[in-house]
Amino acid sequence: MKLLIGVIGDFNPEFPPHPATSAALEHAAAALSVEIEVHWLPTPELLDIEPAALERHDALWCAPGSPYRSLDGALRAVRLARERGWPLLGTCGGFQHMVIEFARNVLEIEDAQHAEYDPYASRLVVSPLSCSLAGRTMSVRLVPGSRVSDLYGKLEATEQYYCNFGLNPDYQDALHDAGLRIVGSDQDGEARIVELPDHPMYVATLFVPQLSSQPGQAHPLAVALLQAASDRATQSARRA
């Protein structure tokens, strides 16, 4: 059985996190001894894609590289994955868009916006970081008992960043209380990882785990995404 993994993003071979995303999936596939096919999904095409065409992917990864060519296309795919229980991992820009989608459709902040698209919006749920994290490697503290801490097998991790925007701290409590749990933070308590505990796999990181994935040392989050994809494919085959 070959797993089909869809990557939400506008692929640019010159942008290091993009080829690293495909490579990290290959590392994870080798670790699990599964075959995969990686399919990049340009965001403008997601505006009108039939849900059934997106559902045929066993899992999705919302990639770095914002601003996307289509904000609404990316948010549509993220919403479908959240509502329909499709495994989804978001990293860097993916984190930011998963936060925006949740704010708009769960918290009902219809004008929730990302500063990279509209820096003068009144409801900036994703805002510029007080200090750019692009190119930095920093420690992330993990919440005990969270899915992410179980995947890492520890309560602190060191990860690489590629971003200048993050979750506005003013909205952290509201998102956490509504179910998008903040399970990883920096030394100042600012959100770096969120997850939906009751979802088959719904995790977003502000850092870029694919940059630290290596052959023979697949990143645990990429492995977890493919494991969730495999579980979903197996369940679908049984129902068929």
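Going by the structure above, here's the rest.
Residues numbered from 1 in each chain as written. Predicted model: local features only at pLDDT ≥ 70, side-chain atom pairs only at ≥ 80, totals over all residues. Heavy atoms only, no water.

### Looking at the pattern of salt bridges
According to the stated counting rule, one finds 6 salt bridges in the structure shown. A salt bridge links arginine 192 to aspartate 186; the nearest nitrogen and oxygen atoms lie 3.0 Å apart. For the pair shown, arginine 192 and aspartate 186 are each scored as buried. Of the charged contacts, one joins arginine 192 and glutamate 190 as a salt bridge, the two residues approaching to 3.7 Å between their closest N and O atoms. The class of arginine 192 is buried, set by a relative accessible area of 5%. Taken together, the salt bridges that share partners define one network made up of Arg79, Arg82, Glu83 and Glu101. (Salt bridge = Lys/Arg side-chain N within 4 Å of Asp/Glu carboxyl O. Buried < 20%, exposed > 50% of the residue type's maximum accessible area, 1.4 Å probe, protein only.)

### Looking at the pairing of strand β4 (residues 88-91)
A regular strand places its side chains on the two faces of the sheet in alternate fashion. Covered by surrounding structure in β4 are Leu88 and Gly90 together with Leu89 and Thr91, the residues of both alternating faces. Here strand β3 (residues 59-62) runs beside β4; their pairing, made up of 3 bridges, is parallel. Of the residues in β4, the one forming a bridge with leucine 60 is leucine 88. Since β3 and β4 lie parallel, the crossover through helix α3 (residues 71-84) that links them has a hand, and here it is right-handed. (Helix = DSSP H or I, 4+ residues; strand = E, 2+ residues; numbered from the N terminus. Pairing = 2+ DSSP bridges. Right-handed = clockwise from strand over helix to strand, strands pointing away.)

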